[in-house]
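Structural description and commentary
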2 protein chains.
Amino acid sequence: MRIGAIEAGGTKFVLAIGDEKGEIERRQEIPTEEPERTMAGVREFFSGEELDAIGVGSFGPIDLDRDSPTYGSITSTPKVKWQNYNLIEELKTYIDAPMGFDTDVNGAALGEAFFGSCRGLDSCLYMTIGTGIGAGAMESWKLIHGMLHPEMGHIILRKHKDDDFKGVCPFHGDCFEGLAAGPALEARTGMKGRDIPDDHKVFDILAYYVAQALVNYILILSPKRIVVGGGVMHRGHVLGMVRRYVRELLAGYIRTPELEDLDSYIVYPELGNDAGIKGAIALGLSALEDEQRKR
Amino acid sequence: MRIGAIEAGGTKFVLAIGDEKGEIERRQEIPTEEPERTMAGVREFFSGEELDAIGVGSFGPIDLDRDSPTYGSITSTPKVKWQNYNLIEELKTYIDAPMGFDTDVNGAALGEAFFGSCRGLDSCLYMTIGTGIGAGAMESWKLIHGMLHPEMGHIILRKHKDDDFKGVCPFHGDCFEGLAAGPALEARTGMKGRDIPDDHKVFDILAYYVAQALVNYILILSPKRIVVGGGVMHRGHVLGMVRRYVRELLAGYIRTPELEDLDSYIVYPELGNDAGIKGAIALGLSALEDEQRKR
Ligand SMILES: Nc1ncnc2c1ncn2[C@@H]1O[C@H](COP(=O)(O)OP(=O)(O)O)[C@@H](O)[C@H]1O
Ligand SMILES: Nc1ncnc2c1ncn2[C@@H]1O[C@H](COP(=O)(O)OP(=O)(O)O)[C@@H](O)[C@H]1O
Ligand SMILES: [Zn+2]
Ligand SMILES: [Zn+2]
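What you see is a predicted model, and the numbers here were worked out from it, not measured in a lab.

Residues and elements named next belong to chain A. Every protein donor of the zinc ion (ligand 3) is listed here as His-154 (ND1), Cys-169 (SG), His-172 (ND1) and Cys-175 (SG), and their distances to the metal cover 2.1 to 2.4 Å. Coordination at the zinc ion (ligand 3) is tetrahedral, judged from the four donor atoms that bind it and the angles of 102 to 119° they form at the metal. Considered as a linear motif, the donors of the zinc ion (ligand 3) on their single chain read H-x14-C-x2-H-x2-C. Of this pair, His-154 sits in the loop between strand 8 (142-143) and helix 4 (176-180) while Cys-175 is found in the loop between strand 8 and helix 4, placing the two residues 21 residues apart along the sequence.

Here's what the structure looks like:
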């Protein structure tokens, strides 16, 4: 099977052709310039290729409502030239195959589900903590969308008792992202993320917020496994602290085999730098399955 | 079409036969006694009936894992005689039809989706605030289960600035349910719920917590509509306060047509006292659809 994949990022586009196992046959990166220029590069990459499906994981916000006249477009991005650009419409002019389209973080979630740390599970949650905080959830092999798509990075949390930081989210101030993403850690400490020493108390605060968010995700979505990635989670000691706080905050209320073993329940991603592009392959595969079910 | 329905409650069982529109043809209530006695009443009610499917919405906790050897049983309930009683196994001895089984609150959620305030939507959330707080969510016509089933009533919230109440949840103290369900309001005020005057400040605190929970549900699940019921929500002025806090807390971050109009987005249930039994009909219909899809 040959699945086209596009990881549409704000700095670069990664293009690939892969298969149903997530193995990549051919791959190329091109810079994100004006839409016409970048999309010409995309067209060239796929020209003459026979594809069974194609998947696109995109920076956002994007219009995911299949009933909307602007389905497939990037909407109110700060990248002015991409505003209201319809990526999917453009691809449809020369690719005639089932097409999956979703946010980059939803793509990565499906990638971990199909090819990574959640293989074999029909439910999982993927979160990334870097410049921002994003998360995607999969249930019965389908990504959760609802009205729009989740924006789990912005939930309201209880403040850590020693934390009087006001937060940096332009909308909410001290929502989860405003308190715990990379820029919040840097604003608190006045240091670059990678320079903050391991024993700095900000990591206890960080772990408390990440754990609180995970506890709320568990209580609301009940995922079968949780994957936590992103630059901030590169700090090796944080995940252990998160697991301890999760156990403390759940307080034995939910009893499942999964929660007995938090080391296997809350894990790192397996796909690393390939999360985005393998996520796009997963989105393509998922679109193909939807198409086959309809027939 | 004839769908059997059982609302299995801690005090009474409601039994009915209804149709695909949720119309009830025949109905009976029997008290919840020992399992053998109550289930004999159930058997009698359905004896000689031709059913296309049957749905059961049950008090819990219950085992919903279809791969578990104890699927269909009530697990660690305080009602000792019902502990580990397998309701579905018993029904299967004499009913040969697709069988839906879920929690009472998930049933009510599906009931509102199929027959009530969320008709026509493929995604919604139903919450009830009474003696406890429970909620169920539906996405793409399927209830969300994941690892177990949601326990959204126990999420962690930020405390209201004027609230120093310690909360009454036996597990978490001041989780959402511990702060905002009926018993919490009564413990705070020393009054029966219905006797608390409308202008008591506890309703501002209540509305703040309910709104915070809804905002987190919106950010995590993105439901297309939210239904809020239960004894505590009988207080007519609370829902308006909740909507105002929701708008304030979202702070314009998510822009959708649904959120433009909170009066249509956050609503009361339509099924009233029939929520449970019509929910059970919906569970039966859903099981029938699953069965038909498999063929
Ligand atoms: N070793 C580190 N320790 C702590 N924070 C880090 C570390 N490396 C990166 N970060 C933080 O992660 C953020 C970048 O996250 P990353 O996931 O790599 O990229 P992005 O979110 O932009 O895709 C930066 O804000 C930085 O503060
Ligand atoms: N009019 C009211 N005002 C405030 N609280 C009320 C009112 N009526 C009932 N309650 C509260 O609701 C709870 C009962 O909730 P209800 O949804 O009727 O039942 P249950 O949750 O047991 O199914 C009680 O704890 C009571 O405190
Ligand atoms: Zn925010
Ligand atoms: Zn609790």
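The textbook angles at a metal center are 109.5 degrees for a tetrahedron of four donors and 90 or 180 degrees for an octahedron of six. Residues and elements named next belong to chain B. Taken together, His-154 (ND1), Cys-169 (SG), His-172 (ND1) and Cys-175 (SG) make up the full set of protein donors to the zinc ion (ligand 4), lying 2.1 to 2.4 Å away. Coordination at the zinc ion (ligand 4) is tetrahedral: its four donor atoms span angles of 101 to 119° at the metal. Positions of the donor residues of the zinc ion (ligand 4), expressed as sequence spacing, correspond to H-x14-C-x2-H-x2-C. Of this pair, His-154 sits in the loop between strand 8 (142-143) and helix 4 (176-180) while Cys-169 sits in the loop between strand 8 and helix 4; the two residues are 15 residues apart in sequence, bridging distant segments of the chain.

This part takes up the packing of helix 5 (residues 182-189) of chain B against helix 6 (residues 202-221) of chain B. Residues and elements named next belong to chain B. Contact pair helix 5 / helix 6: the axes reach a minimum separation of 11 Å and the direction vectors enclose 150°. Viewed along their axes, helix 5 and helix 6 adopt a mutual orientation that is roughly antiparallel. The hand of the helix 5/helix 6 crossing is right-handed. Seen from helix 5, the contacting residues are Leu-185, Arg-188 and Thr-189; seen from helix 6, they are Val-202, Ile-205, Leu-206 and Tyr-209.

This next bit is on the site of ligand 2. Residues and elements named next belong to chain B. Every residue close to ligand 2 is listed here: Gly-130, Thr-131, Gly-182, Pro-183, Glu-186, Gly-193, Arg-194, Gly-230, Gly-231, Val-232 and Arg-235. Measuring from an oxygen atom of ligand 2, one finds a side-chain N or O atom of Glu-186 at 2.5 Å. Here ligand 2, which alone exposes 570 Å², has 65% of that area covered by the protein.

Residues and elements named next belong to chain A. With their axes 7 Å apart at the nearest point, helix 3 (residues 104-115) and helix 10 (residues 275-294) run at an angle of 80° to one another. Put simply, helix 3 runs roughly perpendicular to helix 10. Residue-level inspection shows Gly-107, Ala-108, Leu-110, Gly-111, Phe-114 and Phe-115 of helix 3 in contact with helix 10, the latter providing Ala-275, Lys-278, Gly-279, Ile-281, Ala-282, Leu-283, Leu-285 and Ser-286. Here the residues of the contact of helix 3 with helix 10 are counted per class, giving nine nonpolar, four polar and one charged.

Turning to the site of ligand 1, a few remarks are in order. All names here are of chain A. If you check the shell around ligand 1, you find Gly-130, Thr-131, Gly-182, Pro-183, Glu-186, Gly-193, Arg-194, Gly-230, Gly-231, Val-232 and Arg-235 and nothing else. Within the side chain of Glu-186, one N or O atom sits 2.5 Å away from an oxygen atom of ligand 1. Contact between ligand 1 and Arg-235: a nitrogen atom at 3.4 Å from a side-chain N or O atom of the residue. Compared with its free state, where it exposes 570 Å², ligand 1 has 65% of that area covered by protein. Taken together, the residues that form the shell around ligand 1 break down as two nonpolar, six polar and three charged.

This brings us to the relation of the copies chain B and chain A. One copy of the chain maps onto the second through a rotation around an axis plus a translation along that axis. Each copy superposes on the other: chain B lies on chain A with an RMSD of 0.0 Å after a rotation of 180° and an axial shift of 0.0 Å. Within this description, the copies of the chain are treated as partners about a two-fold rotation axis. Identified as the residue of chain B closest to the rotation axis by C-alpha distance is Arg158(B), at 2.0 Å. Both copies contact each other with a shared surface, as 100% of the interface residues of chain B are interface residues in chain A too.

A separate point is the state of the cysteines. Following the criterion strictly, the structure yields zero disulfides over all chains and no others. Free cysteine Cys118(A): the closest other cysteine sulfur is in Cys124(A), separated by 4.0 Å.

Residue and element names in this part refer to chain B. One pass over the full model with this rule turns up 32 salt bridges over all chains. Among the salt bridges present, the one from Arg-2 reaches Glu-25, with a minimum N-O distance of 2.5 Å. With Arg-2 in the segment before strand 1 (3-8) and Glu-25 in strand 3 (residues 24-31), the pair connects residues that are 23 residues apart, well separated along the chain. What makes Arg-2 partly exposed here is its relative accessible area of 22%. Its salt-bridge partner being Asp-163, residue Arg-188 comes within 2.5 Å of it at the nearest N-O pair. In this pair, Arg-188 sits in helix 5 while Asp-163 sits in the loop between strand 8 and helix 4, placing the two residues 25 residues apart along the sequence. For Asp-163, a relative accessible area of 9% gives the class buried.

Here we take up helix 5 (residues 182-189) of chain A. All names here are of chain A. Considered for burial, the residues of helix 5 that qualify are Gly-182, Ala-184, Leu-185, Arg-188 and Thr-189. The arc enclosing the buried residues of helix 5, seen along the axis, measures out at 165°, which places them on a common side. Close packing links the buried residues of helix 5 with helix 4 and helix 6 (202-221). Downstream of helix 5 by one or two residues, Gly-190 has phi in the positive range, about 70°.

Conventions we followed
- For every chain, the first residue of its written sequence is number 1, and the numbers climb from 1 along that sequence.
- To read the labels, note that chains go from A and ligands from 1, taken in the order they are written.
- Thresholds applied to this predicted model are a pLDDT of at least 70 for local features of residues and 80 or more for the giving and counting of side-chain atom pairs; totals over whole chains, interfaces and linings are not thresholded and use all residues.
- Hydrogens and water molecules were not included; the side-chain quantities draw on all heavy atoms of the structure.
- Listed donors are limited to N, O and S atoms within 2.8 Å of the metal, widened to 3.2 Å for Na, K and Ca; water is not among them, so incomplete-looking sites are possible.
- A four-donor site is classed as tetrahedral when every donor-metal-donor angle falls between 85 and 135 degrees; four donors are called square planar, and six octahedral, when trans pairs exceed 155 degrees and all remaining angles lie between 65 and 115, with any other arrangement labelled irregular.
- Put simply, DSSP marks the helices as runs of H or I at least four residues long and the strands as runs of E at least two long, and each gets a number from the N terminus on.
- Inter-axis angles, ranging from 0 to 180 degrees, are taken between N-to-C directions of lines fitted to C-alpha atoms, where helices are fitted over the stretch in contact.
- Working definition: roughly parallel below 35 degrees, roughly antiparallel above 145 degrees, roughly perpendicular at 65 to 115 degrees, and oblique for all remaining angles.
- We call a crossing left-handed when the near helix sits turned anticlockwise from the far one by less than a right angle, and right-handed when that turn is clockwise.
- The contact criterion used throughout is that any non-hydrogen atoms of two residues lie within 4.5 Å.
- Here, proximity means that at least one heavy atom of the residue falls within 4 Å of the molecule or strand.
- Contacts described as polar in this section are N or O atom pairs within 3.5 Å, which, within protein, must combine one atom able to donate a hydrogen with one able to accept it, while residues neighboring in sequence count only if both atoms come from side chains.
- The method behind every accessible area is Shrake-Rupley, applied with a 1.4 Å probe, and residues are considered shielded solely by the protein chains displayed.
- Put simply, Ala, Val, Leu, Ile, Met, Phe, Trp, Tyr, Cys and Pro go in the nonpolar bin, Asp, Glu, Lys and Arg in the charged bin, and everything else, Gly too, in the polar bin.
- Copy-to-copy alignment: least squares on C-alpha atoms, limited to residues at pLDDT 70 or above in both.
- In what follows, a disulfide is any cysteine sulfur pair within 2.5 Å.
- The term salt bridge refers to a side-chain nitrogen of Lys or Arg lying within 4 Å of a carboxyl oxygen of Asp or Glu.
- For every residue, the accessible area (1.4 Å probe, protein chains only) is compared with the maximum for its type, and the residue is labelled buried under 20%, exposed over 50%, or partly exposed between those bounds.
- It is the directions from the helix axis to the C-beta atoms that the arc portrays.

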